[in-house]
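Examining the three-dimensional arrangement
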Amino acid sequence: MTQAPTPTADTVRRLVSSLLKDGGGGAAGPEVRPVAEGAGHSTWWVGGRHVLRLAPDREAALRQRRELRLREVLRPYLPVAVPTSVAQGEWAPGLPYTLDTKVPGGTGEDHDVSAVGEADLAGLLGGLREVPARQAETLGVPRVAPRSLEALRRAAQHAAERLGAADEFDPARLHQLTGAAAVQLAAQPGTAVLVHHDLRGEHLVVSADGRVRGVLDWTAAAVGDPAEDIAGLAQAVGSPAAVRAATLAGYGARPCLRGLWLARCDAAARLAEALQSRDTDALPLLRLRLRRAWEAILLERVTDLRGGDADI
């Protein structure tokens, strides 16, 4: 297989100059700089108004083409913006690019989400439930089986012991999730919906007033467990805000609690992995995600969830 070229600033500048009439920056050409997050897509800021994403390999090319089709399906259902492509093509044989307009705002790492922003998130979760799953699947969106919370609980317990030894976390906190509770919080049959599946803070566009203005990067979208998006929001904006948004969207106790514990187990495991690998650059963000996932909520104890409303 031929090795794909590595995009450089000159590659990006030449490509953008051919797409934007004025080059996006006058005679000197557009200012381009790589985006720190999402490097797997070879993502570049282009001036102050555009983002260029270059698929670096064949697998990423398939995801990007699927995402472009999915974004058009999503727009009528969501109260927040999804990126709009102003130009598409191939930057290398078989490797596509998309030049998107930048959605104005900061990220979920830059700004706290306000009460109105939580309503925006509720609209996001509710809108995704309304997207016909079969329509998404015809675009190539995969159907993903729900994860085992019990398996995650066991892995998180080992991770928590390592975090405790490093004075990063009290492993006793994970004892709140018992094996019986993990079984009780298993995903219920027939509840699969379209999920973003990667609702991290850098994928939320949040304005200075705390409104959620857009959601980026739909390449990981899947038909699957709605608790995964609740879990992503718990790490991105905090567990109380995530649960309030999910409740406003019509989700009951079971998916909210399942999402809460998915977030907590994932956050512990990922921080432990980063500590073991000495990935010091990732530690501040992973510590923040762990802290947000473990923020206390009113719905902390698993009670009898056999009622119909709890399974929504």
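Overview of the structure. (Residues numbered from 1 in each chain as written. Predicted model: local features only at pLDDT ≥ 70, side-chain atom pairs only at ≥ 80, totals over all residues. Heavy atoms only, no water.)

**Focus: the pattern of salt bridges**
In total, this model carries 20 salt bridges according to the counting rule given. Residue arginine 211 pairs with aspartate 120 through a salt bridge whose shortest N-O separation is 2.7 Å. Remark: aspartate 120 occurs in helix α3 (residues 115–130) and arginine 211 occurs in the loop between β8 (204–206) and β9 (212–215); sequence separation between them is 91 residues. We classify aspartate 120 as buried; its relative accessible area is 8%. Here glutamate 150 and arginine 154 are joined by a salt bridge, their closest N and O atoms 3.1 Å apart. Taken together, the residues span about one helical turn, with glutamate 150 and arginine 154 both in helix α5 (residues 149–165) at a distance of 4 residues. (Salt bridge = Lys/Arg side-chain N within 4 Å of Asp/Glu carboxyl O. Helix = DSSP H or I, 4+ residues; strand = E, 2+ residues; numbered from the N terminus. Buried < 20%, exposed > 50% of the residue type's maximum accessible area, 1.4 Å probe, protein only.)

**Brief notes about the pairing of strand β4 (residues 85–92)**
With 6 bridges connecting them, β4 and strand β5 (residues 95–101) associate as antiparallel partners. Each residue of the ladder has a partner; that of glutamine 88, found in β5, is threonine 98. A loop of 2 residues connects β4 with β5, the two strands running antiparallel in sequence, and glycine 94 in this loop sits at a positive phi of about 80°. (Pairing = 2+ DSSP bridges.)

**Points about the sheet that holds β8**
With antiparallel pairing, 3 strands are arranged side by side in an open sheet as β6-β8-β9. Two strands close off the open sheet at either side, each with one partner strand: β6 (106–107) and β9.

**Here we look at helix α2 (residues 58–74)**
Between the first and last C-alpha of α2 there are 24 Å, a value that for 17 residues agrees with the 24 Å anticipated at 1.5 Å per step. Looking only at α2, the buried set comprises Ala60, Ala61, Gln64, Arg66, Glu67, Leu68, Leu70, Arg71, Val73 and Leu74. Of the surrounding secondary structure, the elements contacted by the buried residues of α2 are β3 (50–54), β4, β5, α3, α4 (133–138) and β7 (193–195). Between the side-chain oxygen at the start of α2 and the backbone nitrogen of glutamate 59 there is a gap of 3.2 Å, and the oxygen is on aspartate 57. (Expected span 1.5 Å × (residues − 1). Contact = heavy atoms within 4.5 Å. Polar contact = N/O pair within 3.5 Å; in protein donor to acceptor, adjacent residues only side chain to side chain.)

**Structural notes on unusual backbone geometry**
Here the phi dihedral of aspartate 217 falls at roughly 55°; this positive angle occurs in a residue that is not glycine. When you line up the elements, aspartate 217 lands in the loop between β9 and β10 (222–224). What makes aspartate 217 buried here is its relative accessible area of 13%. Phi is positive for arginine 278, which is not a glycine, with a value near 60°.

**Here's the deal with the packing of helix α9 (residues 253–277) against helix α10 (residues 283–293)**
Two elements in contact, α9 and α10, have axes separated by 9 Å at closest approach and are oriented at 155°. Judged by the inter-axis angle, α9 sits roughly antiparallel to α10. Pair α9 / α10 crosses with left-handed handedness. Of α10, the residues touching α9 (which contributes Leu260, Ala263, Arg264, Ala267, Ala268, Arg270, Leu271, Ala274 and Leu275) are Leu283, Leu286, Arg287, Arg289, Leu290 and Ala293. Of the residues that constitute the contact of α9 with α10, the class distribution is 11 nonpolar, no polar and 4 charged. (Axes fitted to C-alpha atoms, helices over the stretch in contact; angles between N-to-C directions. Parallel < 35°, antiparallel > 145°, perpendicular 65-115°, else oblique. Left-handed = near helix turned anticlockwise from the far one by under 90°. Nonpolar A, V, L, I, M, F, W, Y, C, P; charged D, E, K, R; others polar.)

**What about the side chain of arginine 254?**
Assignment of secondary structure puts arginine 254 in helix α9. On the basis of relative accessible area, arginine 254 is assigned to the buried category, the value being 8%. Polar side-chain contacts of arginine 254 include one of 2.5 Å to the backbone oxygen of glutamine 184.

**A word on helix α7 (residues 227–237)**
An α-helical segment advances 3.6 residues per turn. Residues three or four places apart therefore align on the same side. Counting buried positions along α7 gives 11 out of 11 residues, so the element sits mostly inside the fold. Taken as a whole, α7 has its buried residues at Ala227, Glu228, Asp229, Ile230, Ala231, Gly232, Leu233, Ala234, Gln235, Ala236 and Val237. Buried residues along α7 sit against α3, β7, β8, α8 (239–248), α9 and α10. Positive backbone phi, at 105°, marks glycine 238, one or two positions downstream of α7.

**Quick word on the nonpolar core**
Residues Leu74, Leu121, Leu124, Leu194, Leu204 and Trp218 are the most contacted members of the largest nonpolar core, which totals 72 residues. No other element matches the 12 residues that α9 contributes to this core. With 15 residues, the next largest nonpolar core counts Leu15, Val16, Val32 and Tyr97 among its residues. (Core = buried A, V, L, I, M, F, W, Y, C linked by side-chain atoms within 4.5 Å.)

**A look at the packing of aromatic side chains**
What describes a pair of aromatic rings is the distance from one ring centre to the other and the angle between the planes of the rings. Under the defined criterion, the tally for this structure stands at 2 aromatic pairs. When the centroid spacing of 5.3 Å and the interplanar angle of 55° are considered together, the rings of phenylalanine 169 and tryptophan 294 count as tilted. Within this pair, whereas phenylalanine 169 is found in the loop between α5 and α6 (179–184), its partner tryptophan 294 is found in the segment after α10, the two being separated by 125 residues in sequence. The pair phenylalanine 169 / tryptophan 294 is uniform in exposure class, with both members buried. An angle of 85° between the planes, with centres 5.5 Å apart, marks the rings of tryptophan 261 and tryptophan 294 as edge-to-face. One end of the pair, tryptophan 261, is in helix α9; the other, tryptophan 294, is in the segment after α10, and 33 residues separate them in sequence. Looking at tryptophan 261, the relative accessible area reads 1%, which means it is buried. Above the ring of tryptophan 294, the side-chain terminus of arginine 264 is found at 4.4 Å from the ring centroid. (Phe/Tyr/Trp six-rings, centres within 6.5 Å; stacked < 30°, edge-to-face > 60°. Lys NZ or Arg CZ within 6 Å of the ring centre and 35° of its normal.)

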